Amino acid sequence: MVNHTATSVVTIERFIIEQERLHPEATGELSGILYDMALAAKMIANKVRRAGLADILGATETANVQGEIQQKLDIFANDTIVKAMDHGGRLCAMASEEEPGIIQIPDGFRCGKYCLLFDPLDGSSNIDVNVPVGTIFSVVQKITRGRHGEMEDMLQPGRRQVASGYVIYGSSTMLVYTTGQGVHGFTLDPSIGEFLLSHPNIRIPDEGRYLSVNDSYEGQWDEPTRQLMRKYRGLEGGRRPLSVRYVGSLVADFHRNLLGGGVFCYPVNKKNLNGKLRLLYEANPLAFICEQAGGAASDGTRRVLDIHPHELHQRVPLYIGSKRDVDLAVQTFAHRSELVGA
Ligand code: AHG
Ligand code: MN
Ligand code: MN
C-alpha cells in the first residue's frame with residue numbers, strides 16, 4: 001500500500017489510481033467500477049439526507065422478490081446504481097436484491113468482464129426513524145464466454161470476488177472497500193463532494209466488544225444457538241461478556257463491529273431456516289471485507305466465502321466479525337447434533 005502521511009489529503013480517486021499502479025497488469029476497469037460506485041453513493045447520500053424533506057418517505061405499493069414492502073428510497077437507490085453503472089463498458093450484468101432476475105446491460109452499450117451484485121439500500125425499514133442505512137456491493141469476474149453475463153457468472157463462491165464494499169449513510173457518509181489488499185475507508189466531505197481517505201488499512205480486533213443479534217427470536221432458536229449466546233454474554237464458559245448493540249441495519253452493525261471489534265449474528269430460527277440475510281448481496285461482500293481486515297465470517301459451519309450459491313436471492317445464516325468470536329460459534333455448532341439431540 002502507498003504510504004500517505006497523516007497530513008496529506010487523499011481523494012478516493014487518487015487512492016484507487018495509486019492502488020492500480022501497484023498492478024501493472026490492471027486494465028483500469030475495476031477502478032472505473034469503484035469510481036462509479038462512489039458517484040452513485042454520493043447521489044444516494046444526497047437523497048437520504050433530504051429524505052424527510054423531499055416527500056419520498058414511506059412505502060410504495062409494490063413488494064420486492066422477498067415479499068417485503070419496498071421503500072421508495074430502495075427503488076431510488078436501485079435505479080441510481082443501475083444508471084450509474086450500466087453504460088461504463090466495464091460490466092456484463094448486474095443483480096440486485098430489489099430485482100428478481102439478472103439486470104442486463106442495455107443494447108448499444110459495451111459489455112465488460114465484470115458482474116456487479118448489490119443491496120441498494122440496506123436497513124431501509126429504518127429510514128423513517130433516522131437510523132443509518134447503507135449500500136453493499138460485490139464485484140466478480142465473468143467466467144462464461146458470451147457477451148452478456150449469465151447466471152453462472154453470478155453464482156460464484158464469494159472467494160472469487162475481486163472487490164467488495166459498503167457505504168454507510170450515517171452521521172457522516174463513509175465508503176469502505178477492499179480489492180484484496182486490505183480494507184480502506186473514505187469519509188464524504190459534503191462541502192467539496194469528495195470521499196477522502198480517513199481510515200486506511202482497517203483491522204478488526206481479534207476479540208470483540210460487541211454482540212449484535214436480534215434476541216427477540218430467542219424462543220425460535222435451537223439449543224446450540226441459545227448456548228452460544230449464553231457464552232457471548234459471559235453466562236457460560238467463563239468468557240468476558242460482550243455488550244449488546246443492535247441497530248437492525250446490517251451495514252451499521254457491521255461497521256461498528258469492524259472498527260470496535262465484535263460479532264454480528266443472524267442465526268437460523270424456526271421461521272427462517274436459512275436465516276434472513278442474502279448470500280450474494282450481503283454476506284459475501286461483508287465477509288470479503290471482514291477477512292481482509294483480519295476477521296472471519298461463517299454460516300455456523302462453513303466459511304461464507306466457500307459456499308457455492310445456487311440461486312440469486314439465496315439466504316444464509318451469518319456469524320461475522322472478530323475472529324475469536326466467530327470461531328466460538330463454529331466450535332459451538334461443531335457439537336450441534338449432540339446438543340440438538342439432548
Ligand atoms: P434490507 O433492508 O436490505 O432488507 O436488510 C434488512 C436486514 C439487515 O439490514 C438487518 O440486519 C436485518 O434485516 C434485521 O432483521 P431483523 O429485523 O429480523 O432483526
Ligand atoms: Mn440488506
Ligand atoms: Mn435492501
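Residues numbered from 1 in each chain as written. Chains lettered and ligands numbered in written order. Predicted model: local features only at pLDDT ≥ 70, side-chain atom pairs only at ≥ 80, totals over all residues. Heavy atoms only, no water.

**Structural notes on the coordination of the manganese ion (ligand 2)**
Coordination of the manganese ion (ligand 2) by the protein involves Asp119 (OD), Asp122 (OD) and Glu282 (OE), with metal-donor separations of 1.8 to 2.2 Å. Sequence spacing of the donors to the manganese ion (ligand 2): D-x2-D-x159-E. The metal-metal distance between the manganese ion (ligand 2) and the manganese ion (ligand 3) is 3.7 Å, with aspartate 119 coordinating both. For aspartate 122, a relative accessible area of 5% corresponds to the buried category. (Donors = N, O, S within 2.8 Å, 3.2 Å for Na, K, Ca; no water. Buried < 20%, exposed > 50% of the residue type's maximum accessible area, 1.4 Å probe, protein only.)

**Comments concerning the side chain of glutamate 97**
Mapped onto the secondary structure, glutamate 97 falls in the loop between strand E3 (91-96) and strand E4 (103-104). When its relative accessible area of 4% is taken as the criterion, glutamate 97 is described as buried. A polar side-chain atom of glutamate 97 sits 3.4 Å from a polar atom in the side chain of arginine 278. In this structure glutamate 97 touches Asn64, Val65, Gln66, Phe118, Asp119, Pro120, Arg278, Tyr281, Glu282 and His313, once residues within four positions along its chain are discounted. (Helix = DSSP H or I, 4+ residues; strand = E, 2+ residues; numbered from the N terminus. Polar contact = N/O pair within 3.5 Å; in protein donor to acceptor, adjacent residues only side chain to side chain. Contact = heavy atoms within 4.5 Å.)

**Notes on the site of ligand 1**
Not every one of the 19 residues close to ligand 1 is listed here, only the nearest: Gly123, Asn214, Tyr217, Tyr246 and Tyr266. Here an oxygen atom of ligand 1 sits 2.8 Å away from a polar atom, N or O, in the side chain of asparagine 214. Contact between ligand 1 and tyrosine 246: an oxygen atom at 2.5 Å from a side-chain N or O atom of the residue. Coverage of ligand 1 by the protein chains reaches 87% of its 480 Å² of free accessible surface. Within the residue set of the shell around ligand 1, elements represented by two or more residues are strand E5 (114-122) and strand E13 (262-266). (Near = heavy atom within 4 Å. Areas by Shrake-Rupley, 256 points an atom, 1.4 Å probe, with all protein chains shown as cover.)

**Looking at the packing of aromatic side chains**
Taken as a whole and judged by the stated rule, the model has six aromatic pairs. Aromatic side chains tyrosine 177 and phenylalanine 186 sit 5.8 Å apart centroid to centroid with 10° between the ring planes, which places their arrangement in the stacked category. In terms of burial, tyrosine 177 and phenylalanine 186 fall into one category: buried. A connected cluster of aromatic rings, assembled from ring pairs, spans Phe15, Tyr177 and Phe186. In this arrangement the basic side chain of arginine 256 is found over the ring face of tyrosine 210, its NZ or CZ atom lying 5.5 Å from the centre. (Phe/Tyr/Trp six-rings, centres within 6.5 Å; stacked < 30°, edge-to-face > 60°. Lys NZ or Arg CZ within 6 Å of the ring centre and 35° of its normal.)

**Things to note about the sheet that holds strand E15 (residues 318-321)**
The strand order across the open sheet formed by five strands is E12-E11-E13-E15-E14, and the pairing between neighbours is mixed. The open sheet is flanked by strand E12 (243-244) and strand E14 (296-298), the only strands paired with a single partner. Bridging between strand E11 (residues 210-212) and E13 involves three bridges; their strand directions are parallel. The residue bridging serine 212 from the neighbouring strand is phenylalanine 264, located in E13. Sitting on the sheet, helix H5 (residues 223-232) touches E11, E13 and E15, and the angle it makes with E13 is about 160°. Across the face of the sheet, helix H7 (residues 279-292) comes into contact with E14 and E15 while running at roughly 30° to E15. (Pairing = 2+ DSSP bridges. Axes fitted to C-alpha atoms, helices over the stretch in contact; angles between N-to-C directions.)

**Describing unusual backbone geometry**
Leaving glycine aside, a negative phi is the common case for residues, and trans is the common case for peptide bonds. A positive phi angle, near 65°, is found at asparagine 130, a position not held by glycine. Inspection of the secondary structure assignment puts asparagine 130 in the loop between E5 and strand E6 (133-141). Phi is positive for asparagine 201, which is not a glycine, with a value near 50°. Relative to the elements of secondary structure, asparagine 201 occurs in the loop between strand E10 (194-199) and E11.

**Notes on the domain arrangement of the chain**
One frequent convention defines the size of an interface as the accessible area lost when the parts assemble. Domain annotation for the chain reports domain 1 (12-199) and domain 2 (210-341). Computed from C-alpha atoms alone, the centre-to-centre distance between domain 1 and domain 2 is 24 Å. Counting residues at the interface gives 48 residues for domain 1 and 33 residues for domain 2. Carbon and sulfur atoms make up 63% of the area that domain 1 and domain 2 hide from each other, which totals about 2900 Å². If you sort the residues of domain 1 by the area they bury against domain 2, Leu155, Arg159 and Tyr166 come out on top, with a joint share of 20%. Salt-bridge contacts for arginine 159 lead to aspartate 306; the nearest nitrogen and oxygen are separated by 2.9 Å. At the surface where domain 1 touches domain 2, the tally comes to 15 residue pairs in polar contact (both at pLDDT 80 or more). Elements represented by at least two residues in the side of domain 1 that touches domain 2 include exactly E3, E5, E6, helix H4 (151-154), strand E7 (161-169) and strand E8 (173-178). For the side of domain 1 that touches domain 2, the per-class residue count stands at 23 nonpolar, 19 polar and six charged. (Domains from an automatic or database assignment. Buried area = accessible area lost by both parts, 1.4 Å probe. Salt bridge = Lys/Arg side-chain N within 4 Å of Asp/Glu carboxyl O. Nonpolar A, V, L, I, M, F, W, Y, C, P; charged D, E, K, R; others polar.)

**Regarding the pattern of salt bridges**
Applying the stated rule across the entire model yields 18 salt bridges. Note that glutamate 97 and arginine 278 form a salt bridge whose closest N and O atoms lie 3.4 Å from each other. Pair noted here: glutamate 97 is in the loop between E3 and E4 and arginine 278 is in the loop between E13 and H7, with a separation of 181 residues, a long-range link. Each member of the pair, glutamate 97 as well as arginine 278, carries the same accessibility label: buried.

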